Amino acid sequence: EKGGYEHFMLKEIHEQPKAVRDTISPRIHENEIDLGEIGMTDEEIKNLRKISIVACGSAYHTGAAGKYVIEELTRIPVETDLASEFRYRNPIYQENSLVIIVSQSGETADSLAALRDAKAHGCKVLSIVNVVGSSIARESDAVLYTWAGPEISVATTKAYSCQLAVFYLLALKFAQIRSAITPDTFQTLLTALKQLPDQIEGLLSQKEKIQFFANHYLATEHIFFMGRGIDYAISMEGSLKLKEISYIHSEAYAAGELKHGTISLMEEGTLVVALATQDALYPKTVSNMIEVKTRGAFVMALSTKKHPDIEKYADYVLYIPETQNLFAGSLAIIPLQLFAYYVSLGRGLDVDKPRNLAKSVTVE
Ligand code: M6R
């Protein structure tokens, strides 16, 4: 059942190229995106004033990345909320807005409660769900399924990657309908989107290198992740993945926040994983890398070959293939998933069933 892999998590990490392909391909026809499933007219899409993305855990992290992509391409204001916060904060529902609930299981209690609240207030609810026929799928006005297939490991990997891909499709489609991007930009982005599954496949071949690196950090107590923009959203997921299955304390911070607190935690040898995939933010992130290195941190950076000078500022660099900046998160997350996996494995822990956690959180 594990298809020759030692754990479901490793199997599911390897299933990502297929899962992402299965999620995007049926929705792309001759260089056009077909999202008929959302049941919205072009008029409704043009009139959208606000999008609220609501989810928990890793699904929330895809929403955090989705916000950057949707806002950048469509210029529709997006707010991303944790379901457990959203449902209790008397959220403001307005006309011509859309609530998007993201959930692998489709059964998460807080996400389901948020959905019901939005519907009770007359809001249209679209969900991005992996389990067909789950509660969230059934109660939403429309569903965009992620076609990841069953996910067994408590730590999500392939469903997360598919959720990101659905956000890209949605952002591109909305941007096209609203004429927020040129036809050329649309085609350039669509071409890049279609390349992602093969690029993810290529990254999986770096796993020995990542295992080797991970094995040096089995006894460490704290690991920090930092980045800006989309890199920050992906840092949050890298950090959650690690703490969930390795039990190492870790936190993700927006690199610009360093001086506002976290830098006091830097000591000789502290591992900082720095994401620097976003071209426009690259010089800023590099200056944060220098700041932590000056305090003795060991910096492991993730970037692209476009920035070879990163080797001057980081102690160790992992390169991801070139893609459009907006999609870089789909590639940057792969080494971070593998890192979490190999740290957990090296520490001899129960990778697929970490202590105190359930695959689906059906109580609040
Ligand atoms: O089934 P859902 O996507 O609604 O679950 C949300 C979170 O419970 C889930 O993503 C959790 O954070 C994962 N264990 C992370 O790997």
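- Looking at an unreviewed UniProt entry, one finds the chain named Glutamine--fructose-6-phosphate aminotransferase [isomerizing], with Gallintestinimicrobium propionicum as its source organism.
- Note on the chain: under the UniProt heading Subunit (unreviewed entry), the record states "Homodimer."
- Checking UniProt for the chain, the heading Function (unreviewed entry) contains the comment "Catalyzes the first step in hexosamine metabolism, converting fructose-6P into glucosamine-6P using glutamine as a nitrogen source."

**Topic: unusual backbone geometry**
At step 1: One non-glycine residue, Asn90, lies in positive phi territory at about 50 degrees.
At step 2: Position of Asn90 relative to the elements: it lies in the loop between helix H5 (83-86) and strand E5 (97-103).
At step 3: Given a relative accessible area of 67%, Asn90 falls into the exposed group.
At step 4: Of note in the backbone geometry, Asn96 takes a positive phi value of approximately 55 degrees without being a glycine.
At step 5: Looking at where Asn96 falls in the secondary structure, it is placed in the loop between H5 and E5.
At step 6: The class of Asn96 is partly exposed, set by a relative accessible area of 40%.

**What about empty space enclosed by the protein?**
At step 1: Per the stated rule, a full pass over the model turns up 1 cavity of 30 Å³ or more.
At step 2: Of the pockets and cavities examined, the largest cavity occupies roughly 50 Å³.
At step 3: Lining the largest cavity, in full, are Thr277, Asp279, Thr304, Lys306, Pro321, Glu322, Thr323, Asn325 and Ala328.
At step 4: The residue inventory of the lining of the largest cavity, partitioned by class, reads 2 nonpolar, 4 polar and 3 charged.

**As for the pairing of strand E4 (residues 78-82)**
At step 1: Both strand E3 (residues 50-55) and E4 contribute to a ladder of 5 bridges, which runs parallel. Across the sheet, residue Ile53 finds its bridge partner in E4, namely Thr80.
At step 2: Chirality of the crossover, the property in question, places the unit of E3, helix H4 (residues 57-74) and E4 among those that are right-handed.

**Here's the deal with the side chain of Gln199**
At step 1: On the secondary structure map, Gln199 appears in helix H9 (residues 183-204).
At step 2: The class of Gln199 is buried, set by a relative accessible area of 13%.
At step 3: Apart from the residues lying within four places of it in its own chain, the contact partners of Gln199 are Pro321, Glu322, Thr323 and Leu331.

**Comments concerning the site of the ligand**
At step 1: As a structural note, the neighbourhood of the ligand is formed by 14 residues, with Ser103, Gln104, Ser105, Thr108 and Glu244 the closest of them.
At step 2: Residue Ser103 places a side-chain N or O atom 2.6 Å away from an oxygen atom belonging to the ligand.
At step 3: Within the side chain of Glu244, a nitrogen or oxygen atom sits 2.4 Å from a nitrogen atom of the ligand.
At step 4: For the ligand, whose accessible area on its own is 410 Å², the fraction buried by protein is 91%.
At step 5: In this structure, the ligand is accommodated by the largest pocket.
At step 6: Of all elements in the fold, only H4 and helix H11 (230-246) reach the threshold of two or more residues within the shell around the ligand.
At step 7: Looking at side-chain class alone, the shell around the ligand contains 5 nonpolar, 7 polar and 2 charged residues.

**Section: helix H8 (residues 158-177)**
Think of an α-helix as 3.6 residues a turn; residues three or four steps apart then line up on the same face.
At step 1: Helix length check: H8, at 20 residues, gives a terminal C-alpha distance of 29 Å against a target of 28 Å (1.5 Å per residue), a fit within 8%.
At step 2: Most of H8 is tucked away: 19 of the 20 residues are buried.
At step 3: In the segment just after H8, Ser179 is the residue with positive phi, at about 50 degrees.

**Details of the packing of aromatic side chains**
Aromatic ring pairs are defined here through the distance separating the ring centres and the angle between the ring planes.
At step 1: All told, the structure shown has 10 aromatic pairs when counted by the stated rule.
At step 2: Ring geometry for Tyr145 and Trp147: centres 5.3 Å apart, planes at 35 degrees, overall tilted.
At step 3: Considering the side-chain rings of Tyr168 and Phe327, the 4.4 Å spacing of their centres and the 35 degrees angle between planes classify their relative orientation as tilted. Placement of the pair is Tyr168 in helix H8 and Phe327 in the loop between strand E12 (316-320) and helix H14 (328-346), with a sequence separation of 159 residues.
At step 4: Overall, Tyr168 belongs to the buried group, its relative accessible area being 2%.
At step 5: By relative accessible area, Phe327 is classed as buried at 0%.
At step 6: Here a set of aromatic residues connected by ring pairs shows up, and it is made of Phe213, Tyr217, Phe298, Tyr316 and Phe339.
At step 7: In this structure, Arg355 is placed above the aromatic ring of Tyr247, and the distance from its NZ or CZ to the ring centre is 3.8 Å.

**A closer look at the side chain of Ser140**
At step 1: Among the structural elements, Ser140 can be located in the loop between helix H7 (135-139) and strand E7 (142-145).
At step 2: Assessed through its relative accessible area of 10%, Ser140 is described here as buried.
At step 3: Looking at Ser140, its side chain comes within polar contact range of the main-chain oxygen of Ile136, at 2.6 Å.
At step 4: Among all residues touching Ser140, those that are not within four sequence positions of it are Leu115, Val125 and Ser127.

Each value, and the rule that gives it
Residues numbered from 1 in each chain as written. Predicted model: local features only at pLDDT ≥ 70, side-chain atom pairs only at ≥ 80, totals over all residues. Heavy atoms only, no water. UniProt positions renumbered as here; feature names shortened; annotations may be inferred. Helix = DSSP H or I, 4+ residues; strand = E, 2+ residues; numbered from the N terminus. Buried < 20%, exposed > 50% of the residue type's maximum accessible area, 1.4 Å probe, protein only. 1 Å grid on protein atoms, 1.4 Å probe; cavity = no way out; pocket = protein on both sides within 12 Å on 5 of 7 lines; lining within 4 Å. Points joined across faces, edges and corners; volume = space filled by probe spheres on them. Nonpolar A, V, L, I, M, F, W, Y, C, P; charged D, E, K, R; others polar. Pairing = 2+ DSSP bridges. Right-handed = clockwise from strand over helix to strand, strands pointing away. Contact = heavy atoms within 4.5 Å. Near = heavy atom within 4 Å. Polar contact = N/O pair within 3.5 Å; in protein donor to acceptor, adjacent residues only side chain to side chain. Areas by Shrake-Rupley, 256 points an atom, 1.4 Å probe, with all protein chains shown as cover. Sits in = over half its atoms within 2 Å of the grid points. Expected span 1.5 Å × (residues − 1). Phe/Tyr/Trp six-rings, centres within 6.5 Å; stacked < 30°, edge-to-face > 60°. Lys NZ or Arg CZ within 6 Å of the ring centre and 35° of its normal.

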